[in-house]
Amino acid sequence: MSLKGSCLCGAIRFEATGEPQGVSVCHCGQCRRMSGHLWSSAYVKDAELTIQGEPQWYVSSETAKRGFCPTCGSFLFWKHNAEGTTSFALGAIDGPTGLTLQKHIFTADKGDYYDIADGVEQR
Ligand SMILES: [Zn+2]
Ligand SMILES: [Zn+2]
């Protein structure tokens, strides 16, 4: 399996091989601010993700950092410091992903201006 994606301006491209795990939408305050609404992602092992270009990494907490394009600002990656995996933005994938959303996460932090009504598991 291979998924390819890019930022808005094309300076950062990536390819994820292997089976994407944890297909989710995050409603946490950090993802809300960084994306402007929600952030949808899946993750693969670090060795299964190839990144072309130089994302800028923002250290968002003691345990994780967030990668974005320094030119256009697209929020593409989330990386835990210790888990050996990198999450990539599903919204940045070229064409159909073939994936199905598995869960909404951090829904306790979600904005009050929308409801989650798709029947997918909420955490
Ligand atoms: Zn860009
Ligand atoms: Zn989040």
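Residues numbered from 1 in each chain as written. Chains lettered and ligands numbered in written order. Predicted model: local features only at pLDDT ≥ 70, side-chain atom pairs only at ≥ 80, totals over all residues. Heavy atoms only, no water.

Novice: Can you help me understand the overall build of the chain in this one?
Specialist: The number of helices and strands found in the chain is one helix and eleven strands. In terms of overall size, the chain behaves like a compact globule, its C-alpha atoms giving a radius of gyration of 14 Å where 123 residues would be expected to give roughly 14 Å. With respect to the principal axes defined by its C-alpha atoms, the chain has extents near 35 × 30 × 30 Å. Considering the chain as a whole, with its 123 residues, one finds that 41% of them fall into the buried category. By sequence separation, contacts in the chain at least 24 residues apart represent 55% of the contacts at least 6 residues apart. Surface summary for the chain: the accessible area is close to 6,800 Å², and the carbon and sulfur share equals 49%. (Helix = DSSP H or I, 4+ residues; strand = E, 2+ residues; numbered from the N terminus. Rg over C-alpha atoms; globule rule 2.2 N^0.38 Å. Buried < 20%, exposed > 50% of the residue type's maximum accessible area, 1.4 Å probe, protein only. Contact = heavy atoms within 4.5 Å. Areas by Shrake-Rupley, 256 points an atom, 1.4 Å probe, with all protein chains shown as cover.)

Novice: Can you walk me through the coordination of the zinc ion (ligand 1) in this structure?
Specialist: Protein-derived ligands of the zinc ion (ligand 1) are Cys7 (SG), Cys9 (SG), Cys69 (SG) and Cys72 (SG), with the metal-ligand distances lying across 2.3 to 2.4 Å. A relative accessible area of 4% means that Cys7 is categorised as buried. The exposure class assigned to Cys9 is partly exposed, which follows from its relative accessible area of 41%. (Donors = N, O, S within 2.8 Å, 3.2 Å for Na, K, Ca; no water.)

Novice: What exactly am I supposed to notice about the coordination of the zinc ion (ligand 2) here?
Specialist: Working reference: metal with six octahedral donors, ideal angles 90 or 180 degrees; metal with four tetrahedral donors, ideal angle 109.5 degrees. At 2.1 to 2.3 Å from the zinc ion (ligand 2) lie its protein donor atoms, namely Cys26 (SG), Cys28 (SG) and Cys31 (SG). All donors of the zinc ion (ligand 2) come from a single chain, and their spacing in sequence reads C-x1-C-x2-C.

Novice: Whenever I open this one, the sheet that holds strand E3 (residues 21-26) confuses me. Can you help?
Specialist: Whenever strands of a sheet pair, they do so through backbone hydrogen bonds, lying parallel or antiparallel. Reading across the sheet, the eight strands line up as E6-E7-E8-E9-E4-E3-E10-E11 and stay open at both edges, with mixed pairing between neighbours. Of all strands in the sheet, those bounded by a partner on one side alone are strand E6 (56-59) and strand E11 (121-122). Both E6 and strand E7 (residues 64-68) contribute to a ladder of four bridges, which runs antiparallel. Paired with Val59 across the bridge in E7 is Lys65. (Pairing = 2+ DSSP bridges.)

Novice: Please explain the sheet that holds strand E5 (residues 49-52) as it appears in this structure.
Specialist: Spatial strand order, E1-E2-E5: three strands in an open sheet with antiparallel pairing. Each having just a single partner strand, strand E1 (2-6) and E5 make up the two edges of the open sheet. The average angle at which neighbouring strand axes cross in this sheet is 15°, direction not considered. Pairing geometry for E1 and strand E2 (residues 13-17), over five bridges, is antiparallel. Bridging from a neighbouring strand, Gly5 pairs with Phe14 of E2. (Axes fitted to C-alpha atoms, helices over the stretch in contact; angles between N-to-C directions.)

Novice: Before we go on, may I ask you to explain the packing of aromatic side chains in this structure?
Specialist: One pair of aromatic rings is described through two measures. These are the centre distance and the angle between the planes. For the coordinates displayed, the defined rule picks out five aromatic pairs. Between Phe14 and Phe77, the aromatic rings sit 5.3 Å apart at their centres with planes inclined by 75°, giving edge-to-face as the arrangement. Taken together, the residues span a long stretch of sequence, with Phe14 in strand E2 and Phe77 in strand E8 (residues 75-80) at a distance of 63 residues. Of the two residues, Phe14 and Phe77, both sit in the buried class. One aromatic cluster is present, built from ring pairs that chain together Phe14, Trp57, Phe77 and Phe88. Cation over ring: Lys65 sits above Trp57, and NZ or CZ is 5.0 Å from the ring centre. (Phe/Tyr/Trp six-rings, centres within 6.5 Å; stacked < 30°, edge-to-face > 60°. Lys NZ or Arg CZ within 6 Å of the ring centre and 35° of its normal.)

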